[in-house]
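The primary structure of each chain is shown beneath.
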Amino acid sequence: MRFGIVVSDPDDWTAASLGSALRRRGAKTFYLNFSRLSACLDRKFSLASNGVNLLELDGLIVRDLGRRGAHDVAFRFEALQALEELGMPVFNSSSAIARAANKFATSLALTRSGIPTPHTTIATDPEEALQALDNYGRAVSKPLFGYKGRDIELLTSSDRQRLEEIMQRQGLVYLQEFVSSPQPRDIRAFVVGERLMGAIYRVAPPGQWISNLARGGTAAPCEVTPELVDLSVRAARAIRASYCGVDLLETSQGLKVIEVNGTPSGRGLFVAMGLDVTDAIAGLVLES
Ligand SMILES: Nc1ncnc2c1ncn2[C@@H]1O[C@H](COP(=O)(O)OP(=O)(O)O)[C@@H](O)[C@H]1O
Ligand SMILES: [Mg+2]
């Protein structure tokens, strides 16, 4: 079997570890940086990256598509879809990656599946946004395609001007009720197939409330409870992800899911708990 691993960072732990896990199982692996993707439509359709003919692969695992502008992203997505239409297994599927990357699509999928998630409003009209902010009291504004805790802000009713600035820049605002806690942290649960592999707490740095590891959060082992299993497996199903990271907050009404990551890093779980989720992902990919 010949598998492509799509990744832009040559030092990425998850991609390296996925590669070893696949090779241990006898597969051949190719690291593909999609900044080198090209399509040729002259005679016969061909797609290649890093000198590898993608049409000859048995499957693709997407660790990251790489980011530049809207044009590149659209091309890379379309290429994944073309491969899927030709029958190639892609993990996660382009539609799961798209649903997880778009916070509106994720919130919608979670709500439709009856999975507890904080109250959320997406508004394009400043008056409606302000109304939502007044209702929530305190709200978190997140970029629709945000990641690693970037450009997330806490707003209160008095932040009208800031709210308008965000809306002017983005054309809309994604506002979510703020879940406060004395010791800000979230839970990152890792699901492979229909199984919760393990979970870690990510504790925000002192005096802060954003707990992503990329924002200085620290990882600690988290006990797996039936509630955590139920919600994280259902969240993975709602996004139709073969594997994913699920972010949850602890509230007085139980756990609430805030995000599903369709191209998750496995490094946090490995460092905090010695748990290597990439082995299970390799198993799942080769069985399919
Ligand atoms: N509604 C919320 N209430 C309190 N803290 C939040 C809320 N939403 C997000 N956070 C904090 O911000 C972090 C990043 O939010 P998340 O929705 O996971 O976006 P990202 O894609 O940037 O990781 C979370 O890990 C959590 O620490
Ligand atoms: Mg997150």
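Residue numbering note: each chain is counted from 1, following its sequence as written. Working convention: letters from A go to chains and numbers from 1 go to ligands, in the order in which they are written. For this predicted model, a pLDDT threshold of at least 70 governs which residues receive local features, and a threshold of 80 or more governs which side-chain atom pairs are given and counted, while totals over whole chains, interfaces and linings are taken from all residues. Side-chain numbers come from the whole structure's heavy atoms, not from hydrogens or water.

A. Region of interest: the site of ligand 1. In the vicinity of ligand 1 there are 21 residues, among which Lys103, Lys142, Gly149, Asp186 and Ser211 approach most closely. Here a polar contact means two N or O atoms within 3.5 Å. Within protein one must be a hydrogen donor candidate and the other an acceptor candidate, and residues neighboring in sequence count only if both atoms are side-chain atoms. At 3.5 Å, a backbone N or O of Lys148 approaches an oxygen atom of ligand 1. Contacts to ligand 1 include Gly149, whose backbone N or O atom sits 2.6 Å from an oxygen atom. Every helix listed is a DSSP run of H or I at least four residues long, and every strand listed is a run of E at least two residues long, numbered separately from the N terminus. Put simply, the parts of the chain that give the shell around ligand 1 at least two residues each are strand E9 (138-142), strand E11 (173-177), strand E15 (243-251) and strand E16 (254-261). In terms of domain composition, the shell around ligand 1 takes at least three residues from each of domain 2 (99-115 + 181-275) and domain 3 (120-177). Nearness is judged by heavy atoms alone; a residue qualifies as near a molecule or strand once a single heavy atom is within 4 Å of it. Domain start and end points were adopted from an automatic or database domain assignment.

B. Geometry of the nonpolar core. Definition used in this section: a nonpolar core is a set of buried Ala, Val, Leu, Ile, Met, Phe, Trp, Tyr and Cys residues joined via side-chain atoms within 4.5 Å. Between buried and exposed lies partly exposed: a residue is buried under 20% and exposed over 50% of the maximum accessible area for its type, with that area taken using a 1.4 Å probe on protein chains only. One finds Ile187, Leu228, Val246, Leu248 and Val257 to be the most contacted residues of the largest nonpolar core, which totals 27 residues. The set of elements that each furnish at least two residues to this core consists of helix H3 (94-101), helix H4 (103-112), strand E12 (185-192), strand E13 (195-203), helix H7 (226-239), E15 and E16. With 7 residues, H7 is the single largest residue contributor to this core. We call two residues in contact when some of their heavy atoms are within 4.5 Å. Those residues within four positions of Val246 in sequence are excluded, and the remaining contacts are Ile187, Arg188, Ala189, Val191, Ser232, Ala235, Val257 and Glu259.

C. Representation of the state of the cysteines within the structure. A pair of sulfur atoms, both from cysteines and within 2.5 Å, is called a disulfide here. Following the criterion strictly, the structure yields 0 disulfides and no others. Lacking any disulfide linkage, Cys222 is separated from the closest cysteine sulfur, that of Cys244, by 16 Å. Owing to a relative accessible area of 6%, Cys222 belongs among the buried residues under this scheme. Overall, Cys244 belongs to the buried group, its relative accessible area being 0%.

D. Region of interest: the domain arrangement of the chain. Splitting the chain by domain gives domain 1 (2-91), domain 2 (99-115 + 181-275) and domain 3 (120-177). Taken over C-alpha atoms, the centre of domain 1 sits 26 Å from the centre of domain 2. Each partner contributes residues to the interface: domain 1 has 6 residues there, and domain 2 has 8 residues. Summing the contributions of domain 1 and of domain 2, the shared interface buries around 620 Å²; its carbon and sulfur component is 60%. The largest per-residue losses of area from domain 1 upon contact with domain 2 belong to Trp13, Arg63 and Phe91, which jointly make up 70% of the total buried on that side. In what follows, salt bridge is the name for a side-chain nitrogen of Lys or Arg lying within 4 Å of a carboxyl oxygen of Asp or Glu. Linking domain 1 to domain 2 there are 0 salt bridges. At the boundary of domain 1 and domain 2, one finds 4 residue pairs in polar contact (both at pLDDT 80 or more). Only helix H1 (13-24) and strand E6 (59-62) provide two or more residues apiece to the side of domain 1 that touches domain 2. Here the nonpolar group is Ala, Val, Leu, Ile, Met, Phe, Trp, Tyr, Cys and Pro; Asp, Glu, Lys and Arg are the charged ones; every other residue, Gly included, is treated as polar. Residue composition of the side of domain 1 that touches domain 2, grouped by class: 4 nonpolar, 1 polar and 1 charged. A quick way to say it: buried area is the sum, across both parts, of accessible area lost when two parts are put together, with a 1.4 Å probe.

E. Examining the coordination of the magnesium ion (ligand 2) more closely. Every protein donor of the magnesium ion (ligand 2) is listed here as Asp247 (OD) and Glu259 (OE), and their distances to the metal cover 2.0 to 2.1 Å. Note that Asp247 is positioned in strand E15 and Glu259 in strand E16, a separation of 12 residues in sequence. With respect to class, Asp247 is no different from Glu259; both count as buried. Keep in mind that water is not among the atoms, so a site may look incomplete; donors are the N, O and S atoms within 2.8 Å of the metal, or 3.2 Å for Na, K and Ca.

F. Structural context of unusual backbone geometry. Residue Phe91 is joined to Asn92 through a cis peptide bond whose omega torsion reads -15°. Here Asn92 is to be found in the loop between strand E7 (90-91) and H3. At Asp151, a residue that is not glycine, the phi angle is positive and equals roughly 60°. Locating Asp151 in the fold gives a position in the loop between E9 and strand E10 (153-156). Relative accessible area serves as the criterion here: at 52%, Asp151 is assigned to the exposed category.

G. The arrangement of the sheet that holds E7 in detail. Any two strands with at least two DSSP bridges between them are considered paired. Pairing is parallel across the open sheet formed by 4 strands, whose spatial order is E2-E1-E6-E7. Lying at the two open borders of the sheet, with one neighbouring strand each, are strand E2 (28-32) and E7. Looking at chain direction, strand E1 (residues 2-6) and E2 are connected through 5 bridges and run parallel. Looking at E2, one finds that Val6 is bridged to Leu32. For every element, the axis is a line fit to its C-alpha atoms; helices are fit only across the contacting stretch, and the angle between N-to-C directions ranges from 0 to 180 degrees. On the sheet, H1 packs against E1, E2 and E6 and is oriented at approximately 160° with respect to E2.

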